[in-house]
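# Report on the structure
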Amino acid sequence: MKEFFAAVSLILIGIAYVAYVLALWRGTVRPHLFSWVPWTLTTGVGFLASFTHNGGYGSWPFALQTLGCVIVLVYAVFRGEKHITR
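Let us look at the structure shown here. (Residues numbered from 1 in each chain as written. Predicted model: local features only at pLDDT ≥ 70, side-chain atom pairs only at ≥ 80, totals over all residues. Heavy atoms only, no water.)

Scanning the protein from N- to C-terminus turns up 3 helices and 0 strands. Each helix and strand of the protein, ordered N terminal to C terminal, gives the series α-α-α. Residues counted as buried form 28% of the 86 residues belonging to the protein. Residue pairs in contact within the protein that sit at least 24 positions apart in sequence constitute 70% of those at least 6 positions apart. Summed over its atoms, the accessible surface of the protein is roughly 6,300 Å², and 73% of this surface lies on carbon and sulfur atoms. (Helix = DSSP H or I, 4+ residues; strand = E, 2+ residues; numbered from the N terminus. Buried < 20%, exposed > 50% of the residue type's maximum accessible area, 1.4 Å probe, protein only. Contact = heavy atoms within 4.5 Å. Areas by Shrake-Rupley, 256 points an atom, 1.4 Å probe, with all protein chains shown as cover.)

Tracing the backbone through its elements, the reader meets Gly-46 in helix H2 (residues 33-52). As a C-alpha pair, Gly-46 and Ser-59 span 13 residues in sequence and 8.3 Å in three-dimensional space.

Per the stated rule, a full pass over the model turns up 5 aromatic pairs. Judged by centre distance (5.6 Å) and plane angle (45°), the rings of Tyr-20 and Trp-36 are tilted. Note that Tyr-20 is positioned in helix H1 (residues 2-26) and Trp-36 in helix H2, a separation of 16 residues in sequence. Overall, the relative accessible area of 24% leaves Tyr-20 in the partly exposed class. Taken together, a centroid distance of 6.0 Å and an interplanar angle of 65° make the contact between Phe-51 and Trp-60 edge-to-face. (Phe/Tyr/Trp six-rings, centres within 6.5 Å; stacked < 30°, edge-to-face > 60°.)

Moving on, we get to H2. Here H2 spans 28 Å end to end across 20 residues, near enough to the 28 Å set by a 1.5 Å rise per residue. When we look at burial in H2, the residues that qualify are Leu-33, Trp-36, Thr-40, Thr-43, Gly-44, Gly-46, Phe-47 and Ser-50. Buried residues in H2, looked at end-on, bunch into an arc of 160°, giving them a common side. For H2, exposure combined with an orientation more than 90 degrees from the buried face picks out Leu-41, Thr-42, Val-45 and Thr-52. Elements that come into contact with the buried residues of H2 comprise H1 and helix H3 (59-79). Within two residues after H2, Asn-54 carries a phi angle of roughly 60°, on the positive side. (Expected span 1.5 Å × (residues − 1). Arc of directions from axis to C-beta.)

A word on the side chain of Ser-59. Positionally, Ser-59 belongs in helix H3. In contact with Ser-59, other than residues within four places in its own chain, are Phe-47, Ser-50 and Phe-51.

With that out of the way, let us pick up H3. An α-helical segment advances 3.6 residues per turn. Residues three or four places apart therefore align on the same side. The first and last C-alpha atoms of H3 sit 30 Å apart over 21 residues, in line with the 30 Å expected at 1.5 Å per residue. Restricting attention to buried positions, one finds in H3 the residues Ser-59, Pro-61, Ala-63, Thr-66, Gly-68, Cys-69, Val-72, Leu-73 and Ala-76. Lining the buried residues of H3 we find H1 and H2.

Right, dumping it as structure tokens:
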């Protein structure tokens, strides 16, 4: 049963990031650098904590989420919004 829920999580995360990357490609969204830094760090720490404490299949959704965040973060560094507003 754990494998099933891990697979469903991976599919849903994959769909979400494919949709977001397509929006980046089309130029309809522009990620803010300062939003994606904490998301990347948080999911990365979550993956490492889960993986190192024998999280098993439950670690892989964290890994995919972290990979997606890293991709968007790299995009935000070069082409994203960097201005801080009130």
